[in-house]
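A structural walkthrough
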2 protein chains.
Amino acid sequence: MRLREATVAISGLGLMGGSLALALRGKCQTLVGIARRPELCEQATREGVVDRATCDLTLAAAHADIVVLATPVLHIVECIPHVVLAMRPGALLIDLGSTKRDIVAAMNGIPEGVLAVAGHPMCGKETGGLESADPAMFKGARFVLTPTERTTDEALVLAFELVEAVGACPLVLDAERHDRAVAVISHLPYLLASSLVHAEEEAGEDSVVSALAASGFRDTTRLAASQVEMMLQVLQTNREAIESALDLFERNIAKARDLLNNPTALELWMEQARDRRRGMFK
Amino acid sequence: MRLREATVAISGLGLMGGSLALALRGKCQTLVGIARRPELCEQATREGVVDRATCDLTLAAAHADIVVLATPVLHIVECIPHVVLAMRPGALLIDLGSTKRDIVAAMNGIPEGVLAVAGHPMCGKETGGLESADPAMFKGARFVLTPTERTTDEALVLAFELVEAVGACPLVLDAERHDRAVAVISHLPYLLASSLVHAEEEAGEDSVVSALAASGFRDTTRLAASQVEMMLQVLQTNREAIESALDLFERNIAKARDLLNNPTALELWMEQARDRRRGMFK
């Protein structure tokens, strides 16, 4: 099976599912959207995001060569045992969930015959919904692929093809390493941003604080505006790794506080952070 | 004295001083730049950033109606007692320093005759130097003006005129409130960003962590790339307020950690942060 001959069914037509559909247009045989709300199905079809859309995941899965689950993590985990019962033998199940451990466990538990690869494109925006969908969102982004016990070479090749079709760069990674990494580079920054907004609110009782907030505060807190439903399920499914990331961060911020008394050592610490940050993003 | 008749001397032709010069072009009689390095003086004149430039602050100050100090905070503090000796009676001294307490104290100590208003435009970038200067940087930004014992009505009116000439929005604020506010909305975010970069480095020994860092991490850590010389002097001159801001933040991140065990309360906390952040920046 090649992507261009495939019927691709995407469950969830929000930011991720909608963007994937837009990015796949013209690159597969047929695009089918699945959404809970009939209005959203109607909108996605009318706007040409998908060729057709339905509220019936089972029906769509029964006729698909590739089923993509693009809903929040806990919903994906719940969905997997049901959707695979409807899928054809040899069809591929893939997801776009933000944490991988629970999803890979669910995929390992499905009957043989259906293929499954877990996935996580490392891109997003703080706004959600089909309105925010953007086919260019995947361009140049890393797209993690996590093999499961239902991943064959054929499945991985098809998943690679899908990743490359949307302009992303595939990176094969096991669930544990993925979840530890995103705890540090995504979930921890989200908690810092939200804690900073709460701290600013407590400090800002005279409103001057908020009035002075400029681009530095805006960027540092951007993740606090993320979609709560999505992020809550992320935090719930990656707690141990997040707690370790918090430990690591708290040691570093405690060090920063100590260094306020030692300008020479503080300067070195600041230079190290500056050089590393400038090296990461040009 | 009105701005359009004034000779304005700007000491420091980096990001802030250079941007101010560019934004003031055509809005005052003469623009004089002062820089330590002769090459920078030559560059600023050649590129038309200023009408003329010199390494001699005293000489430039002696012929100026407005002297703007646009160097790092500690340098401004050191500079004030010397530069005022050269200034003409009735001339205005203003600064663009990031903390105000020590600068206002220095301005309070100058001989009568010279006028002085402390200032802080709430804008910037993480890159520095004349290369990064941008006349549009002040557009729509808050520009704090802090009265000193050498601030007359005439001085404040002229300072307002300068602020408005560069497209910024003046906000009169005493030094203590200013410094407490910027500790929360600027210096604390800088320390969080730098601590996060250090935490990521410690976590990222297998390099996968860095490979996955995407736009969320990029924005949350942007301030860590700030100019170290400038920020070090900021941290040194606002330590008490920064320590209080750290206390406030640490209470909130500790609360976030506790809430990981309580999804219902966590959801509410996340929604509060989301709503406040979305309300602050549209």
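Reference entry: report on the structure contained in this document. (Residues numbered from 1 in each chain as written. Chains lettered and ligands numbered in written order. Predicted model: local features only at pLDDT ≥ 70, side-chain atom pairs only at ≥ 80, totals over all residues. Heavy atoms only, no water.)

1. Focus: the state of the cysteines
Each disulfide consists of one covalent bond between the sulfur atoms belonging to two cysteines. All names here are of chain A. What the rule picks out here adds up to 0 disulfides over all chains. Free of any disulfide, Cys41 has its nearest cysteine sulfur in Cys55, 3.9 Å distant. Here Cys169 is not disulfide-linked; the sulfur of Cys123 is the nearest cysteine sulfur, at 12 Å. (Disulfide = S-S within 2.5 Å.)

2. Considerations on the sheet that holds strand E4 (residues 66-69) of chain B
All names here are of chain B. Ordered by their spatial adjacency, 8 strands build an open sheet running E3-E2-E1-E4-E5-E6-E7-E8, and the pairing between neighbours is mixed. The open sheet is flanked by strand E3 (52-54) and strand E8 (169-172), the only strands paired with a single partner. Recorded for the sheet is a direction-independent mean angle of 25° between the axes of neighbouring strands. Direction of pairing for strand E6 (residues 115-121) relative to strand E7 (residues 142-147): antiparallel, over a ladder of 5 bridges. Looking at E7, one finds that Pro121 is bridged to Phe143. Packing of helix H5 (residues 101-108) onto the sheet brings it into contact with strand E5 (92-95), E6 and E7, and relative to E6 it is tilted by some 170°. (Pairing = 2+ DSSP bridges. Helix = DSSP H or I, 4+ residues; strand = E, 2+ residues; numbered from the N terminus. Axes fitted to C-alpha atoms, helices over the stretch in contact; angles between N-to-C directions. Contact = heavy atoms within 4.5 Å.)

3. Thoughts on helix H12 (residues 263-280) of chain A
Residue and element names in this part refer to chain A. Helix length check: H12, at 18 residues, gives a terminal C-alpha distance of 25 Å against a target of 26 Å (1.5 Å per residue), a fit within 8%. Within the span of H12, buried status applies to Leu266, Trp269, Met270, Ala273, Arg274 and Arg277. Along the axis of H12, the buried positions cluster into a sector of 135°, meaning they face one direction only. (Expected span 1.5 Å × (residues − 1). Buried < 20%, exposed > 50% of the residue type's maximum accessible area, 1.4 Å probe, protein only. Arc of directions from axis to C-beta.)

4. Re the environment of A:Val68
Residue and element names in this part refer to chain A. One can find Val68 in strand E4 (residues 66-69). Separated by 49 residues in sequence, Val68 and Val117 place their C-alpha atoms 10.0 Å apart. Non-local contacts of Val68, meaning those with residues more than four positions away in its chain, are made with Val8, Ala9, Ile10, Ser11, Leu20, Ile94 and Leu96.

5. Side note on the pattern of salt bridges
Tallied over the entire structure, the rule returns 34 salt bridges over all chains. Across the pair A:Arg276 and B:Glu201 runs a salt bridge whose closest N-O atoms are separated by 3.7 Å. Placement of the pair is A:Arg276 in helix H12 and B:Glu201 in helix H7 (residues 175-203), with the two residues belonging to separate chains. Salt bridges sharing common partners tie together A:Glu126, A:Arg222, B:Arg218 and B:Asp219. (Salt bridge = Lys/Arg side-chain N within 4 Å of Asp/Glu carboxyl O.)

6. Some words on the nonpolar core
Counting residues in hydrophobic clusters, the biggest one holds 141 residues, and the most contacted among them are A:Ile80, A:Leu93, A:Leu212, B:Ile80, B:Leu93 and B:Leu212. Not counting the four nearest positions on each side in its chain, B:Leu93 is found in contact with B:Val67, B:Leu69, B:Ile80, B:Val83, B:Val84, B:Met87, B:Met107, B:Leu115, B:Ala116 and B:Val117. In this structure, A:Ala35, A:Ile94, A:Ala133 and A:Ala159 belong to the second largest nonpolar core, which totals 45 residues. (Core = buried A, V, L, I, M, F, W, Y, C linked by side-chain atoms within 4.5 Å.)

7. Points about the interface of chain B and chain A
Facing the 83 residues of chain B at the interface are 83 residues of chain A. Here chain B meets chain A over a buried area of about 8,100 Å², counting both sides, of which 67% is carbon and sulfur. Sorting the residues of chain B by area buried against chain A places B:Leu212, B:Arg257 and B:Arg277 first, and these three jointly supply 9% of that buried surface. Across the pair A:Glu200 and B:Arg276 runs a salt bridge, and its minimum N-O distance is 2.9 Å. Within the residue set of the side of chain B that touches chain A, elements represented by two or more residues are E7, H7, helix H8 (208-212), helix H9 (215-220), helix H10 (228-236), helix H11 (239-259) and helix H12 (263-280) of chain B. With 21 residues, H7(B) is the single largest residue contributor to the side of chain B that touches chain A. The residue inventory of the side of chain B that touches chain A, partitioned by class, reads 45 nonpolar, 16 polar and 22 charged. (Buried area = accessible area lost by both parts, 1.4 Å probe. Nonpolar A, V, L, I, M, F, W, Y, C, P; charged D, E, K, R; others polar.)

8. What to know about the pairing of strand E2 (residues 30-34) of chain B
Residues and elements named next belong to chain B. Most of E2 sits inside the fold, with 5 of its 5 residues counted as buried. In E2, alternate side chains face the same way, and those of Thr30, Val32 and Ile34 on one face and Leu31 and Gly33 on the other are all buried. Bridge analysis of strand E1 (residues 7-11) against E2 gives 5 bridges, and the strand direction is parallel. Directly across from Ile10, in E2, lies its bridge partner Gly33. A crossover links E1 with its parallel partner E2, the connecting element being helix H1 (residues 15-24), and its sense is right-handed. Bridge count between E2 and E3: 3 bridges; the pairing is parallel. Bridge assignment links Ile34 to a residue of E3, and that residue is Thr54. (Right-handed = clockwise from strand over helix to strand, strands pointing away.)

9. A short note on the side chain of A:Thr54
Tracing the backbone through its elements, the reader meets A:Thr54 in strand E3 (residues 52-54). Classification of A:Thr54 as buried rests on a relative accessible area of 19%.

10. Points about the relation of the copies chain B and chain A
Once chain B has been moved 0.0 Å along the axis and rotated by 180°, it coincides with chain A to within an RMSD of 0.0 Å. Such a combination of turn and shift is consistent with a two-fold rotation axis. Across chain B, the smallest distance between a C-alpha and the rotation axis is recorded for B:Thr220, namely 2.0 Å. A symmetric contact is evident, with 100% of the interface residues of chain B recurring at the interface of chain A. (Least-squares fit on C-alpha atoms with pLDDT ≥ 70 in both.)

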